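Observations on chain architecture
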Number of protein chains: 2
Amino acid sequence: MSRNNAGLSTDRIITEALRIIDGQGLRRLTMRRLGDALEVEAMAIYHHFPLGKEQLFDAIVAYISDVFRRPAGEDEQEDPPGEDGEEAGDAEEAPDPRPWDERLRTWALDYRRALLDHAQALPLFIHRRPDTEAALRTRELHYAAFTEAGLSGADVVQAAAVLDSYVTGAVIHEVRADGLPAQHPAVPDGRFPHASALRGVELDPEHRFTRGLDSLLDSLRP
Amino acid sequence: MSRNNAGLSTDRIITEALRIIDGQGLRRLTMRRLGDALEVEAMAIYHHFPLGKEQLFDAIVAYISDVFRRPAGEDEQEDPPGEDGEEAGDAEEAPDPRPWDERLRTWALDYRRALLDHAQALPLFIHRRPDTEAALRTRELHYAAFTEAGLSGADVVQAAAVLDSYVTGAVIHEVRADGLPAQHPAVPDGRFPHASALRGVELDPEHRFTRGLDSLLDSLRP
DNA sequence: ACCTGAACACCGTTCAAGT
DNA sequence: ACCTGAACACCGTTCAAGT
């Protein structure tokens, strides 16, 4: 009856936790419910995340942020740093041949999609540092692109910060507009002539996003 | 001993809740602790926020978002809608005579400051609609400014969305960079030449913010 | 190594009761 | 109207124990 190896793994725990978050909301992710979903006692999770829920949250943010995740099935283990730079089967990453702005556009759309797909997890991002390896790959992509664009030094860092800010902010702007209105939403009246006149003007969110992105990339050119 | 009027008010509750959030973090704001801080039983709070903690969170977000809050002491009561448009003492708002871009710059800096001052409360913003009266005032300010800049129709709405996205995102970018690093932060190595080369390049956050803001406002001009 | 079961110190919220 | 006190159904996490 009582199995003592339920095939639990950090990956399975993260995936299941994310399913609960996406389906029921962040507040309904509890260790006990997660245990139920994994068909395991809640306390079993602590064997894989000894630091508890906070560590699980860290892993969830890292998981979502890893937009360029390799397909499931590959090993997630960190391999010990070897003298030789290459591991067998660890294929050399083919450099993206497209111009810098197209690469950034693709990244922005992919990242936006990843955040929107897990919008319920967004509150977890705010107070977690982006110092995972996935974040590092993103930074490298940004810096390489803006360097190719003709920027250098602090201007590159600045441009990357603006781009990242825009994408994050645009997703939040989009998410905040969804959801059910407050019990007594304020409605524009005569005191707010511009807001009244433009009430109901709505653009397709993705179109709005890419338009804003384009004008922003233009402004970041040297 | 047992008083039955402790002078509780929504404003006092919100202020005290915010003090706990700012000082100890969002997760440590509990009804019981908040009751203690107010020198009242936790259940007394429910008399002022019948819908419980979620309603309190709504009020906290509205409070922080109200950057142009009138000084404390004035009545917060909603007065019944009167036939006459003006109340005695409800001074007509003097229109800001400065050009549109300066008005937007001031707004952006004020809003950034308000968010940074209560960074611990930021997770509460993500899933709450900006349909308070304070949000409406902000929208009016944005729309009026971008109209004055020469935009019209959907372009105005688009520009306001981009501006709001940037400010929110920039604050989050700034907040995420603070805080203590993860237990095993990823460090750029040979695989990330640009990230390695630009490591340690840091700009003053406010300067970075205004620089990004300026280039963004430039790009939003017609 | 991996999981269970009981226990502890908390939570948010309801409800009847006090003044 | 405004607040209290007890109670209920949960939480996260610990610890010793099982296999």
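Procedures and definitions
- Residues numbered from 1 in each chain as written.
- Chains lettered and ligands numbered in written order.
- Predicted model: local features only at pLDDT ≥ 70, side-chain atom pairs only at ≥ 80, totals over all residues.
- Heavy atoms only, no water.
- Near = heavy atom within 4 Å.
- Polar contact = N/O pair within 3.5 Å; in protein donor to acceptor, adjacent residues only side chain to side chain.
- Helix = DSSP H or I, 4+ residues; strand = E, 2+ residues; numbered from the N terminus.
- Nonpolar A, V, L, I, M, F, W, Y, C, P; charged D, E, K, R; others polar.
- Salt bridge = Lys/Arg side-chain N within 4 Å of Asp/Glu carboxyl O.
- Buried < 20%, exposed > 50% of the residue type's maximum accessible area, 1.4 Å probe, protein only.
- Contact = heavy atoms within 4.5 Å.
- Buried area = accessible area lost by both parts, 1.4 Å probe.
- Core = buried A, V, L, I, M, F, W, Y, C linked by side-chain atoms within 4.5 Å.
- Least-squares fit on C-alpha atoms with pLDDT ≥ 70 in both.
- Phe/Tyr/Trp six-rings, centres within 6.5 Å; stacked < 30°, edge-to-face > 60°.
- Lys NZ or Arg CZ within 6 Å of the ring centre and 35° of its normal.
- Axes fitted to C-alpha atoms, helices over the stretch in contact; angles between N-to-C directions.
- Parallel < 35°, antiparallel > 145°, perpendicular 65-115°, else oblique.
- Left-handed = near helix turned anticlockwise from the far one by under 90°.
- Lys, Arg positive; Asp, Glu negative; His and termini not counted.
- Domains from an automatic or database assignment.
- Expected span 1.5 Å × (residues − 1).

**Observations regarding the protein's contact with DNA strand D**
Residues in close proximity to DNA strand D total 23 residues, the closest being R32, M43 and Y46 of chain A together with A6 and E41 of chain B. Each atom of DNA strand D within 4 Å of the protein belongs either to a base or to sugar and phosphate, the latter forming 59%. Taking Y46 of chain A, its side chain carries an N or O atom lying 2.7 Å from a phosphate oxygen of DNA strand D. For DNA strand D, a phosphate oxygen lies 3.5 Å from a polar atom in the backbone of L8 of chain B. At the level of secondary structure, the elements contributing two or more residues to the surface near DNA strand D comprise α2 (31–37) of chain A together with α3 (45–48) of chain B. The dominant element in the surface near DNA strand D, judged by the number of residues it contributes, is α2 of chain A, at three residues. Considering only residue class, the surface near DNA strand D consists of nine nonpolar, eight polar and six charged.

**Brief notes about the pattern of salt bridges**
Side chains that differ in sign of charge can pair as their charged atoms come close. Residue and element names in this part refer to chain A. On inspection of all chains with the given rule, the structure shows 38 salt bridges over all chains. Across the pair R137 and D66 runs a salt bridge, and its minimum N-O distance is 2.8 Å. You can see R137 sitting in helix α6 (residues 133–148) and its partner D66 sitting in the loop between α4 (53–65) and α5 (100–117), a full 71 residues away along the chain. For R137, a relative accessible area of 30% translates into the label partly exposed.

**Here's the deal with the interface of chain A and chain B**
Interfaces are often described in size by the accessible area the parts lose on coming together. The interface of chain A with chain B comprises 68 residues on the first partner and 68 residues on the second. A combined buried area of about 5900 Å² lies between chain A and chain B, and 61% of that area is made up of carbon and sulfur atoms. Two residues, E133 of chain B and R191 of chain A, come together in a salt bridge whose shortest N-O distance is 3.1 Å. Applying the counting rule to chain A against chain B returns 28 residue pairs in polar contact (both at pLDDT 80 or more). Looking at the side of chain A that touches chain B, the elements with two or more residues in it are α4, α6, α7 (154–177), α8 (193–197) and α9 (205–220) of chain A. The element that contributes the greatest number of residues to the side of chain A that touches chain B is α7 of chain A, accounting for 18 residues. A class-by-class count of the residues in the side of chain A that touches chain B yields 36 nonpolar, 17 polar and 15 charged.

**Section: the nonpolar core**
Core analysis: the largest hydrophobic core is formed by 122 residues, its most contacted members being I60 and F146 of chain A together with I60 and F146 of chain B. The residues contacting F146 of chain B, other than those within four sequence positions of it, are W100, L104, L151, V156, A159, A160, L163, L217 and L220 of chain B.

**Looking at the relation of the copies chain A and chain B**
A rotation about an axis combined with a shift along that same axis relates the two copies of the chain. Of the transformation superimposing chain A on chain B, the axial component is 0.0 Å and the angular component is 180°, with the fit at an RMSD of 0.0 Å. What the superposition gives is, in effect, a two-fold axis relating one chain to the other. A shared binding surface is used by both copies, with 100% of the interface residues of chain A retained as interface residues in chain B.

**Topic: the packing of aromatic side chains**
All chains considered together, the criterion is met by six aromatic pairs over all chains. An angle of 15° between the planes, with centres 5.3 Å apart, marks the rings of W107 of chain A and Y111 of chain A as stacked. One end of the pair is W107 of chain A and the other is Y111 of chain A, both in helix α5 and four residues apart, which spans about a single turn. For W107 of chain A, a relative accessible area of 2% gives the class buried. For Y111 of chain A, a relative accessible area of 7% corresponds to the buried category. Between the NZ or CZ atom of R112 of chain B and the centre of the ring of F209 of chain B, over which it lies, the distance is 5.2 Å.

**Here's the deal with the packing of α5 of chain A against α6 of chain A**
Helices that pack against each other are described as a pair by the angle of their axes relative to one another and the distance between those axes. All names here are of chain A. One way to put it is that α5 packs onto α6 with a least axis distance of 9 Å and a crossing angle of 150°. Taken together, the axes of α5 and α6 lie roughly antiparallel to each other. Considering how the two elements wind past one another, α5 and α6 form a crossing that is left-handed. Contacts between α5 and α6 pair W100, R103, L104 and W107 from the former with T138, L141, H142, A144, A145, F146 and E148 from the latter.

**As for the side chain of E140 of chain A**
Note that E140 of chain A resides in helix α6. Lacking a salt bridge, the buried E140 of chain A has R139 of chain A as its closest oppositely charged neighbour, with an N-O distance of 8.1 Å. Here E140 of chain A is in contact with F192, P193, H194 and A195 of chain B, once residues within four sequence places are set aside.

**Structural notes on the domain arrangement of chain A**
Residue and element names in this part refer to chain A. The domains assigned to chain A are domain 1 (1–50) and domain 2 (93–181 + 193–219). Centre-to-centre separation of domain 1 and domain 2, based on C-alpha positions: 31 Å. Each side of the interface is counted separately: domain 1 has five residues, and domain 2 has six residues. Per-residue buried area on domain 1 facing domain 2 is highest for I21, D22 and L26; these three make up 78% of the total on that side. Joining domain 1 to domain 2, the criterion identifies zero salt bridges. At the junction of domain 1 and domain 2, the tally comes to one residue pair in polar contact (both at pLDDT 80 or more).

**A word on helix α9 (residues 205–220) of chain B**
Since the α-helix turns once every 3.6 residues, residues separated by three or four places project in the same direction. Between its terminal C-alpha atoms α9 of chain B stretches 22 Å, which fits the 22 Å expected from 16 residues at 1.5 Å a residue. Taken together, the buried positions of α9 of chain B are R208, F209, G212, L213, S215, L216, L217 and L220 of chain B. Elements that come into contact with the buried residues of α9 of chain B comprise α7 and α9 of chain A together with α5 (100–117), α6 (133–148) and α7 (154–177) of chain B.

**A look at the protein's contact with DNA strand C**
Residues in close proximity to DNA strand C total 23 residues, the closest being A6 and E41 of chain A together with R32, M43 and K53 of chain B. Close to the protein, within 4 Å, the atoms of DNA strand C belong to sugar or phosphate groups at a rate of 61%. A distance of 2.7 Å separates a phosphate oxygen of DNA strand C from a polar atom in the backbone of E41 of chain A. At 3.0 Å from a phosphate oxygen of DNA strand C is found a side-chain nitrogen or oxygen belonging to R33 of chain B. Every element with two or more residues in the surface near DNA strand C is listed here: α3 (45–48) of chain A together with α2 (31–37) of chain B. The greatest single-element share of the surface near DNA strand C, amounting to three residues, is contributed by α2 of chain B. Broken down by class, the residue content of the surface near DNA strand C amounts to nine nonpolar, eight polar and six charged.

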